[in-house]
Amino acid sequence: MTDIGVRAVRQGVRRGAARIGAATPPGRDRAVDALRAAAVLGVVLGHWLVTALVSDGRTLRTASPLQHMPWLAPISWMFQTLAVFFLVGGHVATRGYASARARGVPYRQWLTGRLSRLFKPVAAVLGLWAVAALALLLSGAEFGTVRTLVKLALSPLWFLLVFAGLTAATPLLTRLNPLWPLAVVLHVDLLRFGLGGPSWLGWVNVAAAWTVPYTLGAAWTRGELERRRAGWVLLGSGAAATAALVAWAGYPASMVGVPGEGVSNLDPPSLAVVTFGLAQCGLALLLRERLRHAMRRPVAWAVVALVNLSAMTVFLWHQTALMATTATGLLAGRLPGLHTPPDGLGWVGVRLLWLPVFALALAVCWAAFRSFEGNGGGRGRRSHVVRSHRPSDRGAAAKARHV
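Here is what the cut-offs are and how they apply
Each chain carries its own residue numbering, running from 1 in the written order of its sequence. In view of the model being predicted, local features appear only for residues whose pLDDT reaches at least 70, and side-chain atom pairs are presented and counted only at 80 or more, with totals across whole chains, interfaces and linings using the full set of residues. Side-chain descriptors were evaluated using all non-hydrogen atoms of the structure, hydrogens and water having been removed beforehand. Summary of the metric used: pLDDT quantifies the predictor's per-residue confidence within the range 0 to 100. Under the scheme used here, helices are H or I runs from DSSP no shorter than 4 residues and strands are E runs no shorter than 2 residues, and both carry numbers assigned from the N terminus. The criterion used for residue contact is that any of the two residues' heavy atoms lie within 4.5 Å. Residues enter patches when they are more than 30% accessible in relative terms and free of salt bridges; like-charged ones are connected within 9 Å and nonpolar ones (Val, Leu, Ile, Met, Phe, Trp, Tyr) within 5 Å. A 1.4 Å probe and the Shrake-Rupley method give the accessible areas. Residues count as covered only by the protein chains that appear here. Any Lys or Arg side-chain nitrogen located within 4 Å of an Asp or Glu carboxyl oxygen qualifies as a salt bridge. Each residue is placed in one exposure class: buried if its accessible area under a 1.4 Å probe, protein chains only, is under 20% of its type's maximum, exposed if it is over 50%, and partly exposed if it falls in between. At least two DSSP bridges between two strands are needed for those strands to be called paired. A cavity, in this analysis, means grid points on a 1 Å lattice covering only the protein atoms where a 1.4 Å probe fits yet has no way out; a pocket is instead an open set bounded by protein on both sides within 12 Å along at least five of seven lines, and a residue lines either one if it has an atom within 4 Å of a point. Grid points are joined across faces, edges and corners, and a volume is the space filled by probe spheres set on the points. As a working rule, the residues Ala, Val, Leu, Ile, Met, Phe, Trp, Tyr, Cys and Pro are called nonpolar, Asp, Glu, Lys and Arg charged, and the rest polar, with Gly in that last group. Polar contact is the term for a pair of N or O atoms within 3.5 Å; when the atoms are in protein, one must be able to donate a hydrogen and the other to accept it, and sequence-neighboring residues count only if both atoms are side-chain atoms. Two rings from Phe, Tyr or Trp (for Trp, the six-membered ring) form a pair when their centres sit within 6.5 Å of each other. Planes less than 30 degrees apart are called stacked, planes more than 60 degrees apart edge-to-face, and all others tilted. What a helix should span is 1.5 Å times the count of its residues minus one. The quantity called bend is, for any residue, the angle between two axes fitted respectively to the seven residues ending at it and the seven beginning at it. Fitted lines through C-alpha atoms give the axes, limited to the stretch in contact for helices. The angle between two N-to-C directions lies from 0 to 180 degrees. Roughly parallel covers angles under 35 degrees, roughly antiparallel covers those over 145, roughly perpendicular covers 65 to 115, and oblique covers all other angles.

Novice: Kindly report on the confidence of the model for the protein, identifying the contributing residues and their values.
Specialist: Across the protein, the average pLDDT comes to 88, with 91% of residues at or above 70. The least confident element of the protein, judged by mean pLDDT, is helix α18 (residues 394-400) at 39; the most confident is helix α13 (residues 271-286) at 98. Below pLDDT 50 for its whole length, residues 375-383 participates in 19 contacts with residues either more than four positions away or in separate chains.

So, in structure tokens, the structure goes:
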């Protein structure tokens with residue numbers, strides 16, 4: 001590309017970013033959107049880095065580099081960002097619910113609006129994979145391979161079910177102290193690990209564990225976490241508790257599930273993943289001012305706004321993008337970093353080179369299915385992230401509406 005072409009692209013990007021900035025309500029807290037975007041992209045990159053589909057003849061099976069290189073556990077610390085997502089979700093939901101009550105919007109109408117934006121994109125994923133699974137089985141694909149692919153593609157749905165349940169319970173969770181669900185997780189783990197209780201007790205933590213950051217988000221809405229001291233307390237206590245649980249209580253160092261491991265911090269959630277989430281939430285709160293400053297840059301804000309507009313599409317389709325790339329690559333044989341066992345640093349280096357290809361496949365999925373997303377993706381819908389208002393409405397709208 002010539003210098004003139006590069007300058008034209010840069011000017012086009014700047015003009016587009018300026019339009020997005022102009023359409024953003026002036027009172028919007030852009031740090032919230034930046035944290036949500038970081039949480040979504042963290043999950044996506046984490047899955048792309050630690051999920052491998054190994055080809056064994058005609059069968060594909062899942063594997064993880066953490067099986068062979070457990071010292072890579074810090075990767076899971078960087079990219080397991082679900083607690084930040086629930087923190088932001090709790091903050092946005094409780095703020096939105098308070099705004100709806102102030103405007104006289106019934107609870108049922110408020111909840112229906114939020115859940116429709118959450119689940120409408122799911123229909124496209126379920127429909128496509130129902131057809132794909134049937135086509136694969138009819139074409140003679142191994143049942144184990146089809147099961148692996150479908151399970152991987154639909155694995156993000158557990159998160160949506162939990163998030164939907166917490167959203168529905170928002171009126172009850174608005175003033176709940178996060179120490180209560182934290183105490184539930186503590187006692188469940190004490191029973192199942194310390195006293196030999198039944199393993200099914202761990203599934204109580206699926207709700208209790210993620211209620212902790214969600215109710216921290218509600219505390220943020222109430223103004224209880226505005227001081228930097230709150231962020232430092234969460235970061236310090238959460239990090240110290242996690243280190244103690246890993247070092248002395250036998251919890252795994254990885255904050256994601258590792259195939260073959262007897263205990264997982266995530267499936268179901270453990271006390272360690274909750275305390276780690278507290279540290280993540282503390283860090284997120286400490287970064288708010290820096291993020292607000294960074295989001296004043298038009299291009300940076302435009303990227304964050306676009307990620308937020310398509311957050312559900314990106315989240316739901318990123319595993320499909322990984323599998324589509326893997327399946328297409330099989331036409332060329334067993335490719336390193338894509339179909340080979342993740343058993344060395346060489347695999348990690350090659351996998352990093354595959355990330356842009358995954359991103360391109362995800363962009364194709366985004367272009368095909370973004371219209372199913374309720375945040376402005378379809379024709380006639382208006383964005384909930386960037387929105388123009390009449391001058392007389394801007395002040396009230398900025399206070400009343402936040403995603």
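There is more to say after this.
Novice: Please give an account of a nonpolar patch on the surface that cites residues and values.
Specialist: Taken together, Val9, Val13, Val299 and Val303 make up a surface patch of nonpolar side chains, about 310 Å² in accessible area. Contributing elements (two or more residues each) for the nonpolar patch: α1 (3-22) and α15 (298-309). Within the secondary structure, Val9 sits in helix α1.

Novice: An account of the pairing of strand β1 (residues 52-56) is requested, with residue identities and associated values reported.
Specialist: Most of β1 is tucked away: 4 of the 5 residues are buried. In terms of strand pairing, β1 meets strand β2 (residues 59-63) through 5 bridges, oriented antiparallel. Considered in β2, the bridge of Leu53 is made with Thr62.

Novice: Can you lay out the environment of Ser55 for me, pointing to particular residues and giving the numbers?
Specialist: With respect to the helices and strands, Ser55 occurs in strand β1. You can call Ser55 buried: its relative accessible area is 6%. Linking Ser55 and Arg117, residues 62 residues apart in sequence, is a C-alpha distance of 37 Å. Look past the residues within four positions of Ser55 in its chain and what remains in contact with it is Leu60, Leu330, Arg334 and His339.

Novice: With reference to specific residues and values, describe the layout of surface pockets.
Specialist: Empty space left among the atoms is revealed by rolling a probe the size of a water molecule over them. Considering only enclosed or pocket space, the largest pocket measures out at about 1300 Å³ in volume. Considering the residues around the largest pocket, the lining is formed by 43 residues, among which Lys151, Ser155, Gly257, Leu266 and Asp267 are closest to the centre. Looking at the lining of the largest pocket, the element that brings in the most residues is helix α7 (residues 143-154), giving 5 residues. Of the residues that constitute the lining of the largest pocket, the class distribution is 23 nonpolar, 15 polar and 5 charged.

Novice: Describe the side chain of Ser270, with residues and values.
Specialist: For Ser270, the location among the structural elements is in the loop between α12 (228-248) and α13. Within the local environment of Ser270, its side chain forms a polar contact with the side chain of Asn265, the two groups lying 2.6 Å apart. Excluding its chain neighbours within four sequence positions, the residues that come into contact with Ser270 are Val185, Asp189, Arg192, Asn205, Tyr251, Ser264 and Asn265.

Novice: Outline the packing of aromatic side chains, supporting the account with residue identities and numerical values.
Specialist: Taken as a whole, this structure holds 17 aromatic pairs when the rule is applied. Look at Phe86 and Trp210: their rings are 5.1 Å apart centre to centre, the planes differ by 15°, and that puts the pair in the stacked class. Of this pair, Phe86 sits in helix α5 (residues 82-102) while Trp210 sits in helix α11 (residues 205-221), placing them 124 residues apart in sequence. Residue classification places Phe86 among the buried residues on the basis of a relative accessible area of 0%. A centroid spacing of 4.0 Å and a plane angle of 10° characterise the contact between Trp317 and Phe369, whose relative ring orientation is stacked.

Novice: Which residues make up the side chain of Thr215, and what values go with them?
Specialist: Relative to the helices and strands, Thr215 resides in helix α11. Thr215 gets classed as buried once you look at its relative accessible area, which sits at 0%. A polar contact of 2.9 Å, which involves the side chain of Thr215, links it to the backbone oxygen of Val212.

Novice: Give a description of helix α6 (residues 107-138) that names residues and reports values.
Specialist: With 32 residues, α6 extends 46 Å between its outermost C-alpha atoms, agreeing within 8% with the 46 Å of an ideal straight helix rising 1.5 Å per residue. The largest bend along α6 reaches roughly 30° and is located at Arg117, with the proline Pro121 sitting one to four residues downstream. Elements in contact with the buried residues of α6: α5, α7, α8 (157-168), α9 (170-173), α16 (311-329) and α17 (345-369). Immediately downstream of α6, the backbone of Gly140 shows phi near 100°, a positive value.

Novice: Explain the pattern of salt bridges residue by residue, including any values.
Specialist: The tally for this structure, following the rule as stated, stands at 7 salt bridges. Through salt bridges that share partners, Arg28, Asp33 and Arg36 make up one connected network.

Novice: Tell me about the packing of α6 against α7, residues and numbers included.
Specialist: Geometrically, a packed helix pair is captured by the angle between its two axes and the distance between the axes. Running from N to C, α6 and α7 cross one another at 170°; their axes reach a closest spacing of 10 Å. Here α7 runs roughly antiparallel to α6, going by the angle between their axes. Every residue of α7 that contacts α6 at Val125, Leu126, Trp129, Ala133, Leu136 and Leu137 is listed here: Phe143, Val146, Leu149, Val150, Ala153 and Leu154. Across the contact of α6 with α7, the residue classes break down as 12 nonpolar, no polar and no charged.

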